[in-house]
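# Observations on the three-dimensional arrangement
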Amino acid sequence: MPKYSDRPCARCGKMMLHAYCSQRYCKACAPLVRSDDAIISRAKQRSKRAMSEIARVERAARAEGKTYGYYVALHEPQKG
Ligand SMILES: [Zn+2]
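Rules and cut-offs
- Residues numbered from 1 in each chain as written.
- Predicted model: local features only at pLDDT ≥ 70, side-chain atom pairs only at ≥ 80, totals over all residues.
- Heavy atoms only, no water.
- Salt bridge = Lys/Arg side-chain N within 4 Å of Asp/Glu carboxyl O.
- Helix = DSSP H or I, 4+ residues; strand = E, 2+ residues; numbered from the N terminus.
- Buried < 20%, exposed > 50% of the residue type's maximum accessible area, 1.4 Å probe, protein only.
- Donors = N, O, S within 2.8 Å, 3.2 Å for Na, K, Ca; no water.
- Tetrahedral: all angles 85-135°; square planar, octahedral: opposite > 155°, others 65-115°.

For the rest of this paragraph, the subject is the pattern of salt bridges. Counting across every chain of the model gives 4 salt bridges. Residues Glu58 and Arg62 are paired through a salt bridge, measuring 3.4 Å at the closest nitrogen-oxygen approach. With Glu58 and Arg62 both in helix H1 (residues 30-63), this residue pair falls 4 residues apart, about one helical turn. For the salt bridge of Lys66 with Glu64, the shortest nitrogen-to-oxygen distance reads 2.8 Å. A residue is classified by how much of its surface remains accessible, and Lys66, at 24% relative accessible area, is partly exposed. By relative accessible area, Glu64 is classed as partly exposed at 42%.

Next up, the structure:
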């Protein structure tokens with residue numbers, strides 16, 4: 001495998017000439033993608049917490065012999 005090759009930017013598709021094999025984005029996109037990545041990783045952190053909350057509720061639901069959906073519907077405040 002050559003270390004350098006011509007490859008398209010993973011974001012804008014612009015051809016990057018002689019790009020390093022691990023380089024996925026062109027110079028214009030790299031800073032933007034880095035900030036996108038930061039936003040995505042923060043979102044993942046949030047969803048991780050959401051996932052653990054779901055797991056907690058699911059355990060509570062199972063303890064009562066109910067399904068997650070039923071438990072949430074039962075305990076969620078009524079809308080309207
Ligand atoms: Zn690009």
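There is more to say, and it comes next.
For the rest of this paragraph, the subject is the coordination of the zinc ion. Those protein atoms acting as donors to the zinc ion are Cys9 (SG), Cys12 (SG), Cys26 (SG) and Cys29 (SG), and they sit at 2.3 Å. Coordination geometry of the zinc ion: the 4 donor atoms subtend angles of 104 to 118° at the metal centre, consistent with an arrangement described as tetrahedral. Coordination of the zinc ion draws on donor residues from a single chain, spaced C-x2-C-x13-C-x2-C in sequence. Pair noted here: Cys9 is in the loop between strand S1 (4-8) and strand S2 (15-20) and Cys29 is in the loop between S2 and H1, with a separation of 20 residues, a long-range link. With respect to class, Cys9 is no different from Cys29; both count as buried.

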